[in-house]
Structure formats: structure tokens, C-alpha cells
Amino acid sequence: RVLIDSVGLFHTLRVLCIFMFVLFLAGFTYRPLATSTKDKESGGSGSSLFSRRKFSPPKKIFNFAIFKVTAYAVWAVGIPLALFGYFVPYVHLMKHVNERFQDEKNKEVVLMCIGITSGVGRLLFGRIADYVPGVKKVYLQVLSFFFIGLMSMMIPLCSIFGALIAVCLIMGLFDGCFISIMAPIAFELVGAQDVSQAIGFLLGFMSIPMTVGPPIAGLLRDKLGSYDVAFYLAGVPPLIGGAVLCFIPWIHSKKQREISKTTGKEKMEKMLENQNSLLSSSSGVFKKESDSII
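Residues numbered from 1 in each chain as written. Predicted model: local features only at pLDDT ≥ 70, side-chain atom pairs only at ≥ 80, totals over all residues. Heavy atoms only, no water.

- The chain has the name Monocarboxylate transporter 10 in an unreviewed UniProt entry, where Macaca mulatta is given as its organism.
- Among the UniProt annotations of the chain, the heading Subcellular location (unreviewed entry) holds the following wording: "Membrane". (UniProt positions renumbered as here; feature names shortened; annotations may be inferred.)

The structure is reproduced here in C-alpha cells:
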């Protein structure tokens, strides 16, 4: 508000671009994972079409094989399903506040509350996630969706401005939880080698519901004359998506048990083969020794 009042919207957006440019610089700090010997040879020779100096193979850019991991496929469906109402508070909250609390000053504080506690939530739940083993980190995301959905539904019920601030503080806290543990969950589901692919696909899927939600909320406001129904409906998808995510730890553990059983059988078969080969070799030695004695 200070920038808009002093320099106007156009130059305010330019200032925002300066801050966003920091992300562009931060991108140079990322380093690729260690390449295999095969990749190094093809990259060093310069004869390969897909060498590091030119282009990466399409399979490396779009690795659809990660969708064969059932737990990830469910996660990639559940997250977008939960996000149809995610941007509704961010886009329409200020207009709702202007309609409901016309006499209040510094109304922008509600968005500041979401932003501040979102930052706190990322630090807090990022640390908490370190103590949650494996895929059970998904339950933190389920918890965050539950509170995000519940707080969205509570926005129209707040008749006191202070209550609305409290709701926004809680919403921001669990928004930070949802954002911060997305990468650790992807790491647990698909492993370190494919985690960037998993997050990339997920962000692409997320873009659709996050874009569709706010215009639908605006249409409901135009038809019904208030944002109440829009905020109520915005709280439903996170609850549904959170319920879908609850199945992921069970699916993942079931798959791990199947893998352990197959690897156990393979190890047993190898041990039996080795044992049989040892027995056959020892019997051959015994036969040679008996022949020499005779």
C-alpha cells in the first residue's frame, strides 16, 4: 500500500520484479546430481546428440515412469484435488473484508498475517518433519489441508475483525506446513534421482485447480451477492484431498512389503543355487580323491 500510494501500481510491480530477480540468481546455485559413468562418457565425447552441452534426452525431461509408483500417482491426484479453493482467500479476502468490515482501518493486515505465519510454519513444520519417519510425513500434509479447509469455511463466520485475524494466522501457519514438506514427501515416494521430476509434474497438475478456483468464486459472488458460499465451498476440496492422501502410507508400506518379499525369495534362491553348486563341486572333489586312492 505504501508503494502504490507513493509511486503507483506500475512502479510497485517493478519493485516486485527486483525481488523476484533474486530467484533467478538463486537458480544458479543449484547443482545437478552426480552423473553416471555412461553419461560422463557421452557428454565428454561430444558426438552424442543428447550430450550435456546440447540437449537432455526426452526421457530425462519427462520421466513418466514415476507414475508407475502407485503411492506417487495417488499423491499427484490428491494434491491438485485439494487445491481448487487454495487461492480463493488470497484473491477475494480483501474484497470480503471491505464489504464486511467497512469501518476498519489497515485491512491489509489480514493478508500480512497469512504471509508472516506461513513463513513461521515453513520453518516450524520443516523441523517437525525431520522427526516424522518416512512416508508418514504425508499425515502432516493431511493435517495442513484439514486446517486450511476449516479456516476457509470459518472466514464468513467471523463477525469480529480480531477473529478474522486469528483465522488468517492459523491458515497461514498450516499453509507453510503444506509448502515446506512437499519436497520431503516426493523424496520418500520416488527417491532422490526422480524427486525433481516428481515435484515438476505435481506443480504442473496443481496449476490447473489453483487457476480455476478464484474465477469460480468470483462468479458465485456475482450471482449470490456475497462471498460466503464461495468461502464455504473453498474449504471442501482440502478436506476431500486430505482424505485421499490418508491412503498413501498404507499403499507405500504394502508395496514395500511386496518388494521385500520378492527380494527375499531371490536371495533365498541364490543361496540355494550357491549351496547346490558347492555340494556338486565338493562331491566331484571327493570322487577324484577316491579314484586316486583306488
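Still to come is the rest of the account.
1. Some words on the confidence of the model for the chain
In step 1: When pLDDT is averaged across the chain, the result is 82; 80% of the residues are at 70 or more.
In step 2: Helix α2 (residues 37-45) is the least confidently modelled element of the chain, averaging 49 in pLDDT, while helix α7 (residues 138-154) averages 93, the highest of any element.
In step 3: Ignoring residues within four places in sequence, the model shows residues 42-55, a span with pLDDT below 50, making 14 contacts including any to other chains. (pLDDT = per-residue confidence, 0-100. Helix = DSSP H or I, 4+ residues; strand = E, 2+ residues; numbered from the N terminus. Contact = heavy atoms within 4.5 Å.)

2. Examining the UniProt feature "transmembrane region" (unreviewed entry) in the chain
In step 1: Cross-referencing UniProt, the feature "transmembrane region" (unreviewed entry) maps to residues 12-30, 61-89, 138-157, 163-187, 199-217 and 229-251 in the present numbering.
In step 2: Counted over residues 229-251, helix gives 87% and strand 0%. Its end C-alpha atoms are 35 Å apart.

3. Description of the packing of aromatic side chains
In step 1: Considering all chains together, one arrives at 18 aromatic pairs under this definition.
In step 2: Seen from their ring centres, F125 and F174 are 5.6 Å apart, and the 45° between their planes marks the pair as tilted. With F125 in helix α6 (residues 109-129) and F174 in helix α8 (residues 161-180), this residue pair connects regions lying 49 residues apart in the sequence. Each member of the pair F125 and F174 is classed as buried.
In step 3: Through a chain of ring-to-ring contacts, the aromatic side chains of F64, F67, Y72, W75, F201 and F205 assemble into a single cluster.
In step 4: Sitting over the face of the ring of Y227, R221 holds its NZ or CZ atom 5.6 Å from the ring centroid. (Phe/Tyr/Trp six-rings, centres within 6.5 Å; stacked < 30°, edge-to-face > 60°. Buried < 20%, exposed > 50% of the residue type's maximum accessible area, 1.4 Å probe, protein only. Lys NZ or Arg CZ within 6 Å of the ring centre and 35° of its normal.)

4. Observations concerning the pattern of salt bridges
In step 1: Across all of its chains, the model carries four salt bridges by this definition.
In step 2: Among the ionic pairs, R221 bridges to E99, the shortest N-O distance being 2.7 Å. Remark: E99 occurs in helix α5 (residues 88-100) and R221 occurs in helix α10 (residues 195-224); sequence separation between them is 122 residues.
In step 3: With a closest N to O distance of 3.6 Å, K137 and E188 form a salt bridge. Here K137, found in the loop between α6 and α7, pairs with E188, found in helix α9 (residues 182-190); they are 51 residues apart in sequence, far enough to count as distant.
In step 4: Residue classification places K137 among the buried residues on the basis of a relative accessible area of 9%. (Salt bridge = Lys/Arg side-chain N within 4 Å of Asp/Glu carboxyl O.)

5. Considering the packing of α9 against α10
In step 1: Look at α9 against α10: their axes get within 9 Å of each other, and the N-to-C directions meet at 125°. As judged from the angle between their axes, α9 and α10 are oblique. You can see that α9 and α10 cross each other, and the crossing is right-handed. Here M182, A183, A186, F187 and V190 of α9 lie close against α10, whose contacting residues are V195, A198, I199, L202, L203 and M206.
In step 2: When grouped by side-chain class, the residues that make up the contact of α9 with α10 number eleven nonpolar, no polar and no charged. (Axes fitted to C-alpha atoms, helices over the stretch in contact; angles between N-to-C directions. Parallel < 35°, antiparallel > 145°, perpendicular 65-115°, else oblique. Left-handed = near helix turned anticlockwise from the far one by under 90°. Nonpolar A, V, L, I, M, F, W, Y, C, P; charged D, E, K, R; others polar.)

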